[in-house]
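# Architecture and fold: a report
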Amino acid sequence: MRGEERLIAEAKGRTQEKGVAADIAYGQLLRRMTVASPHIRSALVVPTSSLWHAQRVPAHVRRLLRIDLYKVADDGHVHHHPPAQPTAGAGCGSPRLWTTG
């Protein structure tokens, strides 16, 4: 916690089944999303070798769900990988496709 901000993270270690581990981690994060608050963000923390698997969930979906990715490098340093911001006319990542109005 930092002030009113709260980060809820699911961390996964090295595994042979990187894709399965990422899918399970996303499911665990989704089950923890019990309160809708602009002060709460979620994060998936994975080793460098699993980052690609965690990025299979499209950036626009992670952005909508407020899920960030953090990569833990082999030297132990942690790097934030926020979802890329959409560009105008960016296809399925375009926010206007996700409005209900």
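Now for a look at the structure at hand. (Residues numbered from 1 in each chain as written. Predicted model: local features only at pLDDT ≥ 70, side-chain atom pairs only at ≥ 80, totals over all residues. Heavy atoms only, no water.)

### Some words on the overall build of the protein
Within the protein, the regular secondary structure consists of three helices and four strands. In the protein, buried positions account for 29% of the 101 residues. Residue pairs in contact within the protein that sit at least 24 positions apart in sequence constitute 57% of those at least 6 positions apart. Accessible surface computed for the protein: about 6800 Å², of which carbon and sulfur atoms make up 57%. (Helix = DSSP H or I, 4+ residues; strand = E, 2+ residues; numbered from the N terminus. Buried < 20%, exposed > 50% of the residue type's maximum accessible area, 1.4 Å probe, protein only. Contact = heavy atoms within 4.5 Å. Areas by Shrake-Rupley, 256 points an atom, 1.4 Å probe, with all protein chains shown as cover.)

### Things to note about empty space enclosed by the protein
Applying the stated criterion across every chain, the model contains one cavity of 30 Å³ or more. Approximately 30 Å³ is the volume found for the largest cavity. Residue classes in the lining of the largest cavity are distributed as four nonpolar, two polar and two charged. (1 Å grid on protein atoms, 1.4 Å probe; cavity = no way out; pocket = protein on both sides within 12 Å on 5 of 7 lines; lining within 4 Å. Points joined across faces, edges and corners; volume = space filled by probe spheres on them. Nonpolar A, V, L, I, M, F, W, Y, C, P; charged D, E, K, R; others polar.)

### Concerning helix 1 (residues 18–32)
Taking 1.5 Å as the rise per residue, helix 1 with 15 residues should run 21 Å; its terminal C-alpha atoms sit 21 Å apart, in good agreement. When helix 1 is considered as a whole, its buried residues turn out to be Gly 19, Ala 21, Ala 22, Ala 25, Tyr 26 and Leu 29. Buried residues in helix 1, looked at end-on, bunch into an arc of 160 degrees, giving them a common side. Close packing links the buried residues of helix 1 with strand 1 (6–11), strand 2 (40–47), helix 2 (51–54), helix 3 (59–65) and strand 3 (67–72). (Expected span 1.5 Å × (residues − 1). Arc of directions from axis to C-beta.)

### Overview of the pattern of salt bridges
In the structure shown here, the tally under the stated rule is five salt bridges. With its nearest N and O atoms 2.6 Å apart, the salt bridge here joins Glu 10 to Arg 32. Within this pair, whereas Glu 10 is found in strand 1, its partner Arg 32 is found in helix 1, the two being separated by 22 residues in sequence. When its relative accessible area of 38% is taken as the criterion, Arg 32 is described as partly exposed. Residue Arg 56 pairs with Asp 23 through a salt bridge whose shortest N-O separation is 3.1 Å. Of the two residues, Arg 56 is situated in the loop between helix 2 and helix 3 and Asp 23 in helix 1; the sequence distance between them amounts to 33 residues. (Salt bridge = Lys/Arg side-chain N within 4 Å of Asp/Glu carboxyl O.)

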